[in-house]
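In case you want the letters, here they are:
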Amino acid sequence: MYHASLNPFPSTFLFGSASAAYQIEGAYDQDGKGPSVWDTYTKLEGTTFKNTNGDVAVDHYNRMEEDVALMAEMGLKTYRFSIAWTRIYPTGAGEVNEAGLAFYDRLIDLLLQHDIVPMVTVYHWDLPQALMDKYGGFESRQIIEDFTTYCETLFTRYGDRVKHWITLNEQNIFIGLGYRNGLHPPGVKDLKRMYAANHIAFLANAKAIASFRNLVPDGKIGPSFAYGPIYPADCKPESIIAYENAEELNNHFYMDVYVNGEYPDMAMKYLEREGIAPTVEPGDTEILKAGKPDFMGVNYYQSGTVSANPLDGVGEGKMNTTGKKGTTSASGVPGLFRNERNPHLETTNWDWAIDPAGLRVALRRIHNRYKLPIIISENGLGEFDKLTENGEVHDDYRIDYISKHIDEIQKAITDGVDVLAYCTWSFTDLLSWLNGYQKRYGFVYIDRDETDEKELKRIKKKSFYWYKDLIARHANEG
Ligand code: BGP
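To keep things clear, this report deals only with the structure shown in the data block. From a predicted model like this one, the values you see are computed outputs, not experimental measurements. (Residues numbered from 1 in each chain as written. Predicted model: local features only at pLDDT ≥ 70, side-chain atom pairs only at ≥ 80, totals over all residues. Heavy atoms only, no water.)

**Quick notes on the site of the ligand**
Close to the ligand lie 15 residues, the nearest being Gln23, Glu170, Ser432, Lys439 and Tyr441. Residue Asn169 places a side-chain N or O atom 2.9 Å away from an oxygen atom belonging to the ligand. Trp433 is positioned such that a nitrogen or oxygen atom in its side chain is 2.9 Å from an oxygen atom of the ligand. Relative to its unbound accessible surface of 380 Å², the ligand loses 91% to contact with the protein. In terms of residue class, the shell around the ligand is built from 6 nonpolar, 6 polar and 3 charged. (Near = heavy atom within 4 Å. Polar contact = N/O pair within 3.5 Å; in protein donor to acceptor, adjacent residues only side chain to side chain. Areas by Shrake-Rupley, 256 points an atom, 1.4 Å probe, with all protein chains shown as cover. Nonpolar A, V, L, I, M, F, W, Y, C, P; charged D, E, K, R; others polar.)

Here is the structure:
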């Protein structure tokens, strides 16, 4: 669909930026914080790029005022950040740590003073190590109660000031990389365990949403799903089936459960045939249905392209975590689909397809299938940035990337999609889980690398000034 002219962004639209606790805070054992699975996992030899970890990260915990001052200078309308469960409950449950709660009080109050809407993610992967040791984290239904209690503590404490909440960040990624590829904690490769843990994560998500209704009745809540809309590699009927397989197993499988409380039939039949389907106990479907979100949170980085894959075809592949272009290997699910490179798209140095129109596709598909408003909770470009001798960063490629994605959002809004907010990933540079510090995403450069923390100086990139202007322009328009 072509449009002769585009609708403006609504005046309430929130242009923002995002982060996650483990990737920015550092201060890993300060003020009573307990260890998370990421504190432990990153210390195991060979798990991350150059053995990087978030012990110091970009020291946001101790430089929060400076970082919020930069957000205020930029004119951000919203800032999405996550709360570290282990700052609130150092061992996951039991005794609450007041110092941890107080830190986020200060952050929220400061944001509000600057008219920046706080958007809180309750879970961005840093599971308390104590709960992993006690019952295996998401592999036990005991987590449902502990997670709900933790969420209720947050809703009660901050619900008067925070009205935008994200439950689980990218359940598909933390469960997939944790239990299929063995690349995230707990480093397991077992599909049956993966789908079982995934089902428990759905229940935890739904329970937390249900209790939110009582505690913050005027707030909005939803999960953030990592949505890579799938394209068929060509118009061969077998490619279309492969595309449908991938869209259903990778995407509907998650979003259908969030919204309707039911797994899609064909994906479930496939899992049953493979002997890896989750056990849906009596009462589970009711719990899932009672946890319908207010919006779908979408983290969009790239689309995917697939062709048919025979039963003895390719399975798990190798990820590029070095930034050496072309080092991603072939992958797929035998019998269902094979991931292909899209010849019409450029890729980043980490082999992620650059596809702004894919965001419009994602927004339209979600709107059509689920009829929910959408918050784009992450989108951005991870690249090597260069600090010039004059202390500047000319990241024109990032400006190009983000501006093209924003154009596509505007087209989707004109198409009729209800988009509430757009958060770039990320505000400052930060630690990439598996890719160290060299894969940078921020508007603010942090002067550190894998081996040297230096002084962690904050330096505004060219994109900082560009996004600032863009926000001001849209504010005047709306
Ligand atoms: C998402 C995560 C973020 C962030 C981003 C970039 O999956 O929610 O936490 O890390 O991806 O990914 P990467 O750091 O692998 O480049």
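**Thoughts on the packing of aromatic side chains**
Between two aromatic rings, the relevant description is the distance of the centres plus the angle of the planes. All chains considered together, the criterion is met by 38 aromatic pairs. Considering the side-chain rings of Tyr123 and Phe147, the 6.4 Å spacing of their centres and the 90° angle between planes classify their relative orientation as edge-to-face. With Tyr123 in strand β3 (residues 117-123) and Phe147 in helix α7 (residues 142-158), this pair connects stretches of sequence that are 24 residues apart. The interplanar angle of 70° and the centroid separation of 5.8 Å between the aromatic rings of Phe202 and Tyr263 together place this pair among those described as edge-to-face. Of this pair, Phe202 sits in helix α9 (residues 191-215) while Tyr263 sits in the loop between α10 (237-260) and α11 (265-274), and the two are 61 residues apart along the sequence. Taken individually, Phe202 and Tyr263 each receive the classification buried, so the pair is uniform in this respect. Ring-pair connections join several aromatic residues into one group, and the members of that group are Tyr195, Phe202, Phe225, Tyr227, Phe253, Tyr254, Tyr258 and Tyr263. (Phe/Tyr/Trp six-rings, centres within 6.5 Å; stacked < 30°, edge-to-face > 60°. Helix = DSSP H or I, 4+ residues; strand = E, 2+ residues; numbered from the N terminus. Buried < 20%, exposed > 50% of the residue type's maximum accessible area, 1.4 Å probe, protein only.)

**A short note on the sheet that holds strand β5 (residues 220-226)**
Around the barrel, 8 strands lie side by side as β1-β2-β3-β4-β5-β7-β11-β12; this closed barrel has parallel pairing. Averaged over neighbouring strand pairs, the angle between their axes works out to 25° when direction is ignored. Both strand β1 (residues 14-18) and strand β12 (residues 419-425) contribute to a ladder of 5 bridges, which runs parallel. Looking across to β12, one finds that Ala18 is bridged to Trp425. Running over the sheet, α10 touches β5 and β7 (296-299) and is turned about 170° from β5. (Pairing = 2+ DSSP bridges. Axes fitted to C-alpha atoms, helices over the stretch in contact; angles between N-to-C directions. Contact = heavy atoms within 4.5 Å.)

**Regarding the environment of Trp352**
Residue placement: Trp352 occurs in the loop between β10 (337-340) and α13 (356-370). Look at Trp352 and you get partly exposed, because its relative accessible area is 27%. Taking the C-alpha atoms as reference, Trp352 lies 9.4 Å from Thr328; in sequence the two are 24 residues apart.

**Considerations on empty space enclosed by the protein**
In the structure shown here, the tally under the stated rule is 6 cavities of 30 Å³ or more. A volume near 120 Å³ is recorded for the largest cavity. Lining the largest cavity we find 13 residues, and of these Tyr123, Phe138, Phe174, Pro185 and Pro186 sit closest to its centre. Residue assignment for the lining of the largest cavity shows that the elements contributing at least two residues are α2 (37-41) and α8 (171-179). Among the elements that line the lining of the largest cavity, the one with the most residues is α8, at 3 residues. Each residue belonging to the lining of the largest cavity can be placed in one class, and the counts come to 12 nonpolar, 1 polar and no charged. Within this model, the second largest cavity holds a volume of roughly 70 Å³. Along the wall of the second largest cavity there are 13 residues; nearest its centre are Ala21, Tyr22, Glu25, Gly26 and Lys33. Residues of the lining of the second largest cavity, tallied by class, amount to 4 nonpolar, 4 polar and 5 charged. (1 Å grid on protein atoms, 1.4 Å probe; cavity = no way out; pocket = protein on both sides within 12 Å on 5 of 7 lines; lining within 4 Å. Points joined across faces, edges and corners; volume = space filled by probe spheres on them.)

**Some points on the packing of α7 against α9**
It is at 9 Å that the axes of α7 and α9 come closest, and there the two elements cross at 30°. With respect to α9, the element α7 is oriented roughly parallel. The hand of the α7/α9 crossing is right-handed. Contacts from Ile143, Ile144, Phe147, Thr148, Cys151, Glu152, Phe155 and Thr156 in α7 reach Ile200, Leu203, Ala204, Asn205, Lys207, Ala208, Ser211, Phe212 and Leu215 in α9. Residues of the contact of α7 with α9, tallied by class, amount to 11 nonpolar, 4 polar and 2 charged. (Parallel < 35°, antiparallel > 145°, perpendicular 65-115°, else oblique. Left-handed = near helix turned anticlockwise from the far one by under 90°.)

**Observations regarding the nonpolar core**
Within the largest apolar cluster, 145 residues are counted, with the highest numbers of intra-cluster contacts made by Tyr104, Tyr123, Phe147, Tyr150, Tyr158, Trp165 and Tyr467. Excluding anything up to four places from it in sequence, Tyr158 contacts Ile83, Ile88, Gly100, Leu101, Tyr104, Asp105, Ile108 and Trp165. (Core = buried A, V, L, I, M, F, W, Y, C linked by side-chain atoms within 4.5 Å.)

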